[in-house]
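# Tertiary structure, described
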Amino acid sequence: MLSTALTSHPFPLHNHHHRRPNCKSFRIYVVKSSSSLQDIKKIPSVQSDGSDERSELLTSWENIALPPVTAAKRVVLVRHGQSTWNAEGRIQGSSDFSVLTQKGESQAETSRQMLLDDSFDVCFSSPLIRSKRTAEIIWDSRKEEILTDPNLREIDLYSFQGLLKNEGKAKYGAAFRQWQIDAPNFIIDGHYPVRELWSRARSCWTKILTHGSKSILVVAHNAVNQALVATAIGLGTEYFRLLLQSNCGVSVLDFTPKTEGGPPEICLNRLNQTPSSPIATGRSAGRKASMRIILVSHGFPQNDVEQGTNPFSGDSPMNMLGVIQAQKTAELLLDVKVNTIVSSSATASVETANAISRVQEAADCLGADCVPRYVETKQTQDFDVENILKHTQKDLTGSQPLQHGWLRGYEDEITGALWDQSGVAWKSLLDEELKEESETEYVVVAVGHPALHIAMMGHCLNLTKEWLGSFHLDAGSISVVDFPDGPTGRGVIRCINYTAHLGRWSIPITRSTLDDEDF
């Protein structure tokens, strides 16, 4: 239900170890605040003997191994609803003075309804009021106790906490600017907050994965949920703010045991499925995004029953489910004005693209004297990955399509060819479709095979083909990439594998796809 060599905006993926700051002592900051006044009170320095929790948190996150699992686990992450300090534009960090607004309570209620039919064995929550209240609303009448874990608290921002953002800029100048543009190396009060967060998040996985439950709900915060997602799939602090977490956004990770033991296989099943539309005009990582690529996975294709082939390995038209999914996607995209639609030449992709185009063009012509708007629609062979996948020597007869991590099952030659072609496709989207000179929002919709979009998101994040099995996409899903710094800047992933618009034509978040009957 989710997804992700050439790139025009590289930033290197490093497997480096962060140097630990010299910290024989550290200060704890308590922020007391009302809507108009903040007083930061310094507590006397606490001496560290090198063996306390702080020393553990400063250990480079790469050194903290994920524990093995004996059975498949699904972890659903939810960010808290809008808080009073979110609404005020105040820096919260790990302070505990804000509560949910009425909008935040409504968002949590919507998330509760989204997850109503899903079976969870346990709920972990941050102890902070805004998060715990969100967990209580979602958990509702379930009998099991909510387990709070202080390591799930939000990022520690020390002296920044309680300040309005304009106050932080005025008071701290260069330090605040570094927090905005170079957060991994940002230092305040002798601390590297993002580095500390990554180590703390990686440590959280030990408690979560060693719990006996198979289906786990975790309710926490924006930055810590980013860190949980990133550290699970092996991404470093340079990915901070690139994996968006909106208020009450839902992200899902699947953990599967390896036959040889050791850390589990991990797949990001979806990222940031929100109570509201993921494509409504908004900000990415706090910045206005005027350029956007929306990756649409085509609707479910017909299965060739006689040959017993996987329906996603060839060129088949959509079945009735796929037609419904394409129409639902077209209706969702009415929230934006699409400028260009680019699709694969495969039949299911062309059908999906045509459905989107028809709805977009008709949307501006509902009045008696309106003139239909033309939406440029084109096909490109760069998107045609079906011809690559069909050359696999694997026996696909009777296999379930699009189960999580499914691309790991293909031969290296197949994934290598997929990776190379998707790199060309991604570069062409950035170089030829996004308009650098556009002063208003410019939206490109790319329609293709889920494997293509998984790979293109990998290129967007500057990964390698070894990450192909770490992302998942469902038929009819959308994934959104914003470019607040233009097509030559880093892409911010707004959501991956969003399927809420499909309603009953989707797959429930916590329902395993491994044992499902075919559609």
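Residues numbered from 1 in each chain as written. Predicted model: local features only at pLDDT ≥ 70, side-chain atom pairs only at ≥ 80, totals over all residues. Heavy atoms only, no water.

## A few points about the overall build of the chain
Cut-off, in case you're wondering: Helix and strand assignments come from DSSP, with helices taken as H or I runs of at least 4 residues and strands as E runs of at least 2, each series counted from the N terminus. Per-residue and other accessible areas were derived by the Shrake-Rupley procedure at a 1.4 Å probe size, with only the shown protein chains allowed to occlude residues.
The secondary structure content of the chain amounts to 13 helices and 18 strands. When the accessible surface of the chain is summed, it comes to about 21500 Å², and 49% of that surface belongs to carbon and sulfur atoms.

## Quick notes on the packing of aromatic side chains
As a reminder of what qualifies: Any pair of Phe, Tyr and Trp rings, taking the six-membered ring for Trp, is counted once the centres come within 6.5 Å. Such a pair is stacked with planes under 30 degrees apart, edge-to-face with planes over 60 apart, and tilted for the rest. Burial classes: relative accessible area under 20% of the type maximum marks a residue as buried, over 50% as exposed, and values in between as partly exposed (1.4 Å probe, protein chains only).
As enumerated under the stated definition, the model contains 11 aromatic pairs in all. Plain terms: the ring middles of Trp198 and Phe240 are 6.3 Å apart, the flat faces sit at 85 degrees to each other, and that makes the pair edge-to-face. One end of the pair, Trp198, is in helix α7 (residues 193–210); the other, Phe240, is in the loop between α8 (222–233) and β9 (250–256), with 42 residues separating them in the sequence. The pair Trp198 / Phe240 is uniform in exposure class, with both members buried. Taking 6.2 Å as the distance between ring centres and 35 degrees as the angle between the ring planes, the aromatic pair formed by Trp426 and Phe483 counts as tilted.

## A word on helix α9 (residues 320–332)
Defined as follows: Multiplying 1.5 Å by the residue count of a helix minus one yields the expected span of that helix. We call two residues in contact whenever any of their non-hydrogen atoms come within 4.5 Å of each other. Counting of polar contacts relies on pairs of N or O atoms within 3.5 Å, with two restrictions inside protein: one atom must be capable of donating a hydrogen and the other of accepting it, and residues adjacent in sequence are counted only when both atoms are side-chain atoms.
End to end, α9 covers 19 Å across 13 residues, agreeing with the expected 18 Å (1.5 Å per residue, within 8%). Buried within α9 are the following residues: Leu321, Gly322, Gln325, Ala326, Thr329, Ala330 and Leu332. The inward-facing, buried residues of α9 contact β13 (291–297), α10 (347–363), β17 (478–482) and β18 (492–498). The N-cap residue of α9 is Asn319: its side-chain oxygen and the backbone nitrogen of Leu321 are 3.1 Å apart.

## What to know about the environment of Ile496
Structurally, Ile496 is set in strand β18. The spacing of Ile496 and Leu473 is 23 residues in sequence and 7.5 Å in space, taken between C-alpha atoms.

## Here we look at the environment of Pro275
Here Pro275 shows up in the loop between β10 (265–273) and β11 (283–284). The partly exposed category is assigned to Pro275, whose relative accessible area is 25%. Distance in space between the C-alpha atoms of Pro275 and Ser106 is 9.3 Å, their sequence separation being 169 residues. Contacts of Pro275, omitting those with residues within four sequence positions, involve Gln107, Thr110, Ser111, Met114, Asn247, Cys248 and Gly249.

## Quick notes on the packing of α7 against α8
So the rule is basically this: Note on definitions: angles span 0 to 180 degrees between N-to-C directions of axes, and those axes are lines fitted to C-alpha atoms, for helices only across the stretch in contact. In these notes the angle categories are as follows: under 35 degrees is roughly parallel, over 145 is roughly antiparallel, 65 to 115 is roughly perpendicular, and the rest is oblique. By definition, turning the near helix anticlockwise from the far helix through less than a right angle yields a left-handed crossing, and turning it clockwise yields a right-handed one. Each residue gets one label: Ala, Val, Leu, Ile, Met, Phe, Trp, Tyr, Cys and Pro are nonpolar, Asp, Glu, Lys and Arg are charged, and the others, such as Gly, are polar.
Between α7 and α8, the least distance of the axes is 8 Å, while the angle of their chain directions is 65 degrees. Judged by the inter-axis angle, α7 sits roughly perpendicular to α8. Note that α7 runs across α8; the crossing there is right-handed. Only Ala223, Val224, Ala227, Leu228, Ala230, Thr231 and Ala232 of α8 make contact with α7, whose side of the interface consists of Leu197, Trp198, Arg200, Ala201, Arg202, Cys204 and Trp205. When grouped by side-chain class, the residues that make up the contact of α7 with α8 number 11 nonpolar, 1 polar and 2 charged.

## Focus on the side chain of Arg292
Structurally, the position occupied by Arg292 is in strand β13. Residue Arg292 is classed as buried on the basis of its relative accessible area, which comes to 1%. The contact partners of Arg292, leaving out residues within four places of it in the chain, are Pro278, Ile279, Ala280, Val336, Leu434, Tyr442, Val443, Val444, Val480, Val481, Asp482 and Arg494.

## Details of the packing of α9 against α10
Taken N-terminus to C-terminus, the directions of α9 and α10 make an angle of 40 degrees; their axes are 8 Å apart at the nearest point. Our pair here, α9 against α10, has a crossing hand that is right-handed. Along the contact surface, α9 presents Ala326, Gln327, Thr329 and Ala330, while α10 presents Thr352, Ala355, Ile356 and Val359. Taken together, the residues of the contact of α9 with α10 sort by class into 5 nonpolar, 3 polar and no charged.

## Overview of the pairing of β17
Heads up, the rule is: Two strands are counted as paired when DSSP detects at least two bridges linking them.
Taking burial as the measure, the 5 residues of β17 include 5 buried ones, the bulk of the element. Of the two faces of β17, the one lined by Ile478, Val480 and Asp482 and the one lined by Ser479 and Val481 are each fully buried. In terms of strand pairing, β13 meets β17 through 5 bridges, oriented antiparallel. Each bridged residue has a counterpart across the sheet, and for Leu295 the counterpart in β17 is Ser479. Two elements, β17 and β18, share 4 bridges in a ladder whose sense is antiparallel. Note on β18: the bridge partner recorded for Asp482 is Val492.

## Describing the pattern of salt bridges
Opposite charge on two side chains permits them to pair, given that their charged atoms come into close proximity. In plain terms, the rule: Every case where a carboxyl oxygen of Asp or Glu lies within 4 Å of a side-chain nitrogen of Lys or Arg is listed as a salt bridge.
On inspection of all chains with the given rule, the structure shows 16 salt bridges. Ionic pairing is found between Arg112 and Asp140, a salt bridge with its closest N-O pair at 3.5 Å. Here Arg112 is found in helix α3 (residues 102–114), whereas its partner Asp140 is found in the loop between α4 (129–139) and β7 (147–148), with 28 residues between them in sequence. For Arg112, a relative accessible area of 15% gives the class buried. Residue Glu265 is joined to Arg408 by a salt bridge in which the shortest nitrogen-to-oxygen separation is 3.2 Å. Highlighted residues: Glu265 in strand β10 and Arg408 in the loop between α11 (386–389) and α12 (412–433), separated in sequence by 143 residues.

## Quick notes on the confidence of the model for the chain
This is how it is decided: Across the chain, each position has a pLDDT score giving the predictor's confidence in that residue, from 0 to 100.
The predicted model of the chain averages 83 in pLDDT, with 79% of residues at 70 or higher. Considering only residues more than four positions removed or in separate chains, one finds that residues 1–58, a stretch of pLDDT under 50, has 172 contacts. Per-residue pLDDT stays below 50 along residues 510–519; that stretch engages in 23 contacts with residues further than four places along the chain or on separate chains.

## Considering the environment of Ala425
As for its placement among the helices and strands, Ala425 is situated in helix α12. Along the chain, Ala425 and Thr380 lie 45 residues apart, while their C-alpha atoms are 8.6 Å from each other. Contacts of Ala425, omitting those with residues within four sequence positions, involve Asp382, Phe383, Leu452 and Met456.

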